[in-house]
Amino acid sequence: MSGVAIVTGGTRGIGKAISARLKGDGYTVAAIYGGNDEAAKACADELGIAVYRCDVSDPEGCAETVSRIEAEHGPVAVLVNNAGITRDGMFHKMSADQWRAVLSTNLDSAFNMTRPVIDGMRERGFGRIVSISSINGQKGQLGQVNYSAAKAGLIGFTRALAMETARKGITVNAIAPGYVETDMTSQMKPEVLQSIVAGIPVGRMGKPEEIAHAVSYLVSEHAGFVTGAVLTANGGQYV
Ligand code: NAD
């Protein structure tokens, strides 16, 4: 496949693996990042992709970044809403800022990024949108009321938008990963991780590349009949 693929949070962790895989599939990849400029540039050089600093929780910034990407590389065929953060804490101690940060980065971001690409996809009669939800958006997780709500929101976003775009050649899907080895999970306490792995039927955490393969399938021509789906990739955990 060819065309432009935007991957938010595409310079690190699962997003970096998605950028690498889509680049390998033949796309021109534009990765959006929110963190360190040097690390993002190193990733751009390593993978041969373009990188753009943009805060995905800022609607105007997202619209401007999409315009820049389209001006520099052409129309967007694929959007992967992957950027996300956690700000864990028990609900009775959770601040409004903790709630808002997680909802705006994980859920508002899908609106902020998808809204500027959808008109072009509708006009061209082709588009692929994939959002990275989470097992914790399917089943809920202690200490993550904010994150679980945002990731469950992405599933509703996916199902409803899939219906609106189904006759326009645009598919909208979500992936719900279980625990994957990245910076996000390396911050967890070793004893917590050990007990999590004990509950995963395949007996290990996932690898970023395993999520990237699923994205590669969902954005391919072969997945034209797959829309509004939530693909679980969690090592066999029951949800
Ligand atoms: P990570 O922390 O390694 O990477 C997150 C990326 O998002 C980074 O590149 C960061 O720069 C970017 N980002 C964060 N806030 C941003 C903002 N405001 N604007 C632009 N970019 C921003 O995380 P990861 O583990 O690779 O997770 C990727 C996605 O997968 C997230 O949505 C996460 O919730 C989801 N997920 C991860 C796991 C896991 O076990 N790692 C499991 C389920 C779902």
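Residue numbering note: each chain is counted from 1, following its sequence as written. Predicted model: local features are reported for residues with pLDDT of at least 70 only, side-chain atom pairs are reported and counted for 80 or more only, and whole-chain, interface and lining totals are derived from all residues. Hydrogens and waters are ignored; side-chain quantities use all the structure's heavy atoms.

A few words on the packing of helix α1 (residues 13–24) against helix α9 (residues 208–218). The convention used is that axes are lines fitted to C-alpha atoms, helices contributing only their stretch in contact, and that angles between N-to-C directions extend from 0 to 180 degrees. We count a stretch as a helix when DSSP gives it H or I for four or more residues in a row; a strand needs E for two or more, and each element gets its number in order from the N terminus. Interhelical geometry of α1 versus α9 gives an angle of 50 degrees and a closest axis separation of 8 Å. On the basis of the axis angle, α1 is oblique to α9. Every pair of crossing elements has a handedness; the one defined by α1 and α9 is right-handed. Counting all contacts with α1, which are made through G13, I14, A17, I18, R21 and L22, the residues of α9 involved are P208, E209, I211, A212, H213, V215 and S216. In terms of residue class, the contact of α1 with α9 is built from 8 nonpolar, 3 polar and 2 charged. Any angle between 65 and 115 degrees counts as roughly perpendicular, while under 35 counts as roughly parallel, over 145 as roughly antiparallel, and the rest as oblique. In this scheme, a crossing is called left-handed if the near helix is turned counterclockwise away from the far one by less than a right angle; it is called right-handed if the turn is clockwise. By definition in these notes, contact holds between two residues if any of their heavy atoms fall within 4.5 Å. Asp, Glu, Lys and Arg are counted as charged, while Ala, Val, Leu, Ile, Met, Phe, Trp, Tyr, Cys and Pro are counted as nonpolar; the rest, among them Gly, fall into the polar class.

Right, let's get into the site of the ligand. The near set for a molecule or strand comprises every residue that places at least one heavy atom within 4 Å of it. Of all residues adjacent to the ligand, which total 28 residues, the nearest are R12, N82, Y147, V180 and T182. Pairs of N or O atoms are called polar contacts if they sit within 3.5 Å, as long as, within protein, a hydrogen donor faces a hydrogen acceptor (for residues adjacent in sequence, only side-chain-to-side-chain pairs). In the environment of the ligand, an oxygen atom lies 2.5 Å from a nitrogen or oxygen atom belonging to the side chain of R12. Taken together, the elements giving at least two residues each to the shell around the ligand come down to α1, α6 (145–165) and α7 (183–186). With 3 residues, α7 is the single largest residue contributor to the shell around the ligand. Class assignment of the residues belonging to the shell around the ligand gives a composition of 12 nonpolar, 12 polar and 4 charged.

Glancing now at the confidence of the model for the protein. Confidence scores labelled pLDDT are given residue by residue by the predictor and lie between 0 and 100. Averaged over all residues, the pLDDT of the protein is 97; the fraction at 70 or higher stands at 100%. For this predicted complex, the interface confidence reaches an ipTM of 0.99, while the overall pTM sits at 0.98.

Let us look at the environment of A223. Note on placement: A223 falls in the loop between α9 and β7 (230–233). For A223, a relative accessible area of 0% puts it in the buried group. Sequence separation of A223 and R128 is 95 residues, and the distance between their C-alpha atoms is 9.5 Å. Residues contacting A223, with those up to four places away along its chain left out, are R128, T171, Y217 and L218. Here's how the labels work: a residue is buried when its accessible area is under 20% of the maximum for its type, exposed when over 50%, partly exposed in between, all with a 1.4 Å probe on protein chains only.

A few words now on empty space enclosed by the protein. Here a cavity is any set of points on a 1 Å grid over the protein atoms alone where a 1.4 Å probe fits but cannot get out, and a pocket is any open set with protein on both sides within 12 Å along at least 5 of 7 lines; a residue lines the site when it has an atom within 4 Å of a point. Grid points are joined across faces, edges and corners, and a volume is the space filled by probe spheres set on the points. Scanning the entire structure with this criterion turns up 1 cavity of 30 Å³ or more. Space inside the largest cavity adds up to approximately 30 Å³. Lining the largest cavity are T8, V56, N81, N82, A83, N106, S109 and L154.

A separate point is the nonpolar core. Residues belong to one nonpolar core when they are buried, are Ala, Val, Leu, Ile, Met, Phe, Trp, Tyr or Cys, and are joined through side-chain atoms within 4.5 Å. Ranked by internal contacts, the top residues of the largest apolar core, which has 25 residues, are I18, L22, V78, V80, I132, I175 and V215. Looking at this core, the elements with two or more residues in it are β1 (4–8), α1, β2 (28–33), α2 (37–47), β4 (76–81), β5 (127–132) and α9. It is α9 that contributes the most residues to this core, 5 residues altogether. Setting aside its immediate chain neighbours within four residues, I132 contacts I18, V80, N81, N82, K151, L154, I175, P177, I211 and V215. Formed by 23 residues, the second largest nonpolar core is a distinct cluster that contains C62, I69, V117 and I129.

Bringing the layout of surface pockets into the picture now. Empty space among the atoms becomes visible once a probe the size of a water molecule is rolled across them. Taken as a whole, the second largest pocket holds about 150 Å³ of empty space. Around the second largest pocket, the lining residues are A110, F111, T114, R115, I118, R122, F157, A160, L161, E164 and T165. Broken down by secondary-structure element, the contributors of at least two residues to the lining of the second largest pocket are α4 (96–124) and α6. The dominant element in the lining of the second largest pocket, judged by the number of residues it contributes, is α4, at 6 residues.

We call two strands paired when DSSP finds no fewer than two bridges between them. Here 7 strands make up an open sheet; going across it, the order is β3-β2-β1-β4-β5-β6-β7 and the pairing parallel. In this open sheet, the two strands that pair with only one neighbour each are β3 (50–53) and β7. Neighbouring strand axes in the sheet, compared pairwise and without regard to direction, differ in orientation by 20 degrees on average. Both β5 and strand β6 (residues 170–177) contribute to a ladder of 6 bridges, which runs parallel. Its bridge partner being in β6, R128 is matched across the sheet by T171. Helix α3 (residues 59–73) contacts β1, β2, β3 and β4 of the sheet and is inclined by roughly 155 degrees relative to β3.

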